[in-house]
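What follows is each chain in one-letter form.
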Amino acid sequence: MRIGEETITVPKHGGVLVGPKLLRQVFNDTDEEVLWLVIGAPEELEFLQGSKSKIDLSVFYPVDPKQLPKELHGVQWPPADS
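Along each chain, the written sequence defines residue order, and numbers are assigned to residues from 1. Confidence filtering applies because this is a predicted model: local features only for residues at pLDDT of at least 70, side-chain atom pairs given and counted only at 80 or more, and all residues used for totals across whole chains, interfaces and linings. With hydrogens and water set aside, each side-chain value is computed from the structure's full complement of heavy atoms.

Chemist: Where do I start with the environment of Leu 22 in this structure?
Modeler: What counts as a helix is a DSSP run of H or I of at least four residues, what counts as a strand is a run of E of at least two, and both are numbered from the N terminus. For Leu 22, the position within the fold is in the loop between strand S2 (6–7) and strand S3 (24–25). Considering only alpha carbons, one finds Leu 22 and Arg 2, 20 residues apart in sequence, at a separation of 9.9 Å.

Chemist: Explain the sheet that holds S3 to me, please; I cannot follow it from the model alone.
Modeler: With antiparallel pairing, the 3 strands of this open sheet are ordered in space as S2-S1-S3. Of all the strands in the sheet, the pair left with one neighbour each is S2 and S3. Both strand S1 (residues 2–3) and S3 contribute to a ladder of 2 bridges, which runs antiparallel. Looking at S3, one finds that Arg 2 is bridged to Gln 25. Think of it this way: DSSP has to see at least two bridges between two strands before they count as a pair.

Chemist: Explain unusual backbone geometry to me, please; I cannot follow it from the model alone.
Modeler: Where the residue is not glycine, phi is negative for most of them; where a peptide bond is considered, it is trans in most cases. Despite not being glycine, His 13 has its phi angle at roughly 65°, a positive value. Summarising the element assignment, His 13 is placed in the loop between S2 and S3.

Rendered as structure tokens:
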């Protein structure tokens, strides 16, 4: 993953927090298949009480924090080590 001018290797089941103003690029330079979960959200100010924004919070917060996207229905995550 590139963050600004730096290139890092994200470990298996690892995570990276990238600030909103930083340039980022994900890529796979191996022969193995990779699954990425990339999450973005508006600034926290949008969620303050009294905000005039009419945001549907269910889009950002699923029923269960470990809920997988519908495309991965039936998949065990994290996968068992082979």
